[in-house]
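Remarks on the overall topology
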Amino acid sequence: MIELETPEAFERHLRSGASLSHVVIQGLDLRRYTRELSTVALAGTVFLGCELEKDALQAALAHGALVFPPISGVPYHPYRGSLYTPEELYAGFDPAHPETYEATLDARIYRHWEAHGRGTPPTLLETLAQRLHDHAITDAMEDLLASGLEPRKVVAIMGGHSMKRGQPDYRGVAMLARELARAGFFLVSGGGPGAMEATHLGAWFSQRSEGELDAALALLAKAPSYTDREWLARAFEVRSVFPLGPRDEFACSSLGIPTWHYGHEPPNPFATHIAKYFANSVREDGLLTIAKGGIVYAPGSAGTIQEIFQDACQNHYNSVGVISPMIFLGTEFWTRTRPVYPLLAQLAQGQEYARHLMLTDSRDEVVKALLDYDRASLDAA
């Protein structure tokens, strides 16, 4: 079925003279199109959360259309047709006054989520609204990854939220992400602070010099942790000093996938696309599943380790149809501090994914391994 998710797409469809029958129209304000909707065939048309005047609604129902009404009383759009952007989530934020974050859409949604049961909403309507929202986000994310002349080569970097700006590990992740983006990979992460922010910072600077990246790192280091009052303000300062030009937007784009489950950690604004979820389980499974080009594990704690074994399960049973690289960045960390790698290597013995495990301290080795896997995948296709 054709899906119309933007006013521009709806207008084009109308101008083309094509039928609206068996078309899905998602989250649009159609109150100015009452005359058109009252005079065309709407058999099998699906309206998802659209604003309709009474006459258009009656015509839609009379023609056999399926109408899912808007849900009021929530600060988010359950039927949204696109991913979030930093500009949308942080609209109204003034870096000179960090307290203005509390008035942003991101903060308002988090407060609503906390006040209405967090992960266990007290009403069926609130639960439904969250599930519809998360489904719409997944749909928009799939549209993004399928856009362009060919599917994007997605590589994820996982790592701890507590990794501080100014630390060598943070710079190492940013440099790795920069090199991967320059090699043509589309970077994704959990979208939060720490190693996740470093991932998107690296992609943001993929068309700039290492010196410019270091200048940005020095600015960010003034507020090392996401718990610092100036953390978000310093990120917006870097965005202002080093903006993306029109020719950089595709090469420097990246996807952050955060969650209001951890809403006390604001999403970092270096991810140009943000797929923010309510359900953390849906978010994590989706993130691992789309990273078909491989996943790099930077140092992290319980959340990162959970993702490692969730990814291992996908590879062990080939549950998503692709067995992709699992690369561990930091030999000392992954064999002694958090000795996950020896256990995983033992678990993988005799399995196909054993040959896609790597333990290294070298960014060059990471980039080469992912490029080799990508070329081998293309040859096998």
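Just so we're clear, the structure is a prediction, and the values are computed from it rather than from any experiment.

Across its full length, the protein chain holds 15 helices and eleven strands. In terms of C-alpha radius of gyration, the protein chain reaches 22 Å, essentially the compact-globule figure of 21 Å for 381 residues. Every one of the 381 residues in the protein chain was classed for burial, and the buried ones make up 51%. Sequence-distant contacts in the protein chain: of pairs separated by 6 or more residues, those separated by 24 or more amount to 61%. A total of about 17000 Å² of accessible surface is found on the protein chain, and carbon and sulfur atoms cover 55% of it.

Following the criterion strictly, the structure yields 15 aromatic pairs and no others. Between Phe328 and Trp334, the ring centres sit 5.6 Å apart and the planes meet at 80°, which makes this aromatic pair edge-to-face. With respect to burial, Phe328 and Trp334 carry one shared label: buried. Taken together, the aromatic side chains of Tyr297, Phe328, Phe333, Trp334 and Tyr341 make up a single cluster linked through ring pairs.

The final tally for this structure, using the stated rule, is 24 salt bridges. With a closest N to O distance of 4.0 Å, Glu284 and Arg283 form a salt bridge. Since its relative accessible area comes to 5%, Glu284 is described here as buried. With a closest N to O distance of 2.7 Å, Asp372 and Lys368 form a salt bridge. Of the two residues, Asp372 and Lys368 are both situated in helix α15 (residues 363-380); the distance of four residues between them amounts to about one turn of the helix. One salt-bridge network, in which partners are shared between bridges, spans Glu99, Arg229, Glu230, Arg234 and Glu237.

Calculation rules
- Residues numbered from 1 in each chain as written.
- Predicted model: local features only at pLDDT ≥ 70, side-chain atom pairs only at ≥ 80, totals over all residues.
- Heavy atoms only, no water.
- Helix = DSSP H or I, 4+ residues; strand = E, 2+ residues; numbered from the N terminus.
- Rg over C-alpha atoms; globule rule 2.2 N^0.38 Å.
- Buried < 20%, exposed > 50% of the residue type's maximum accessible area, 1.4 Å probe, protein only.
- Contact = heavy atoms within 4.5 Å.
- Areas by Shrake-Rupley, 256 points an atom, 1.4 Å probe, with all protein chains shown as cover.
- Phe/Tyr/Trp six-rings, centres within 6.5 Å; stacked < 30°, edge-to-face > 60°.
- Salt bridge = Lys/Arg side-chain N within 4 Å of Asp/Glu carboxyl O.

The quantities given are spatial measurements derived from coordinates; they are silent on function.
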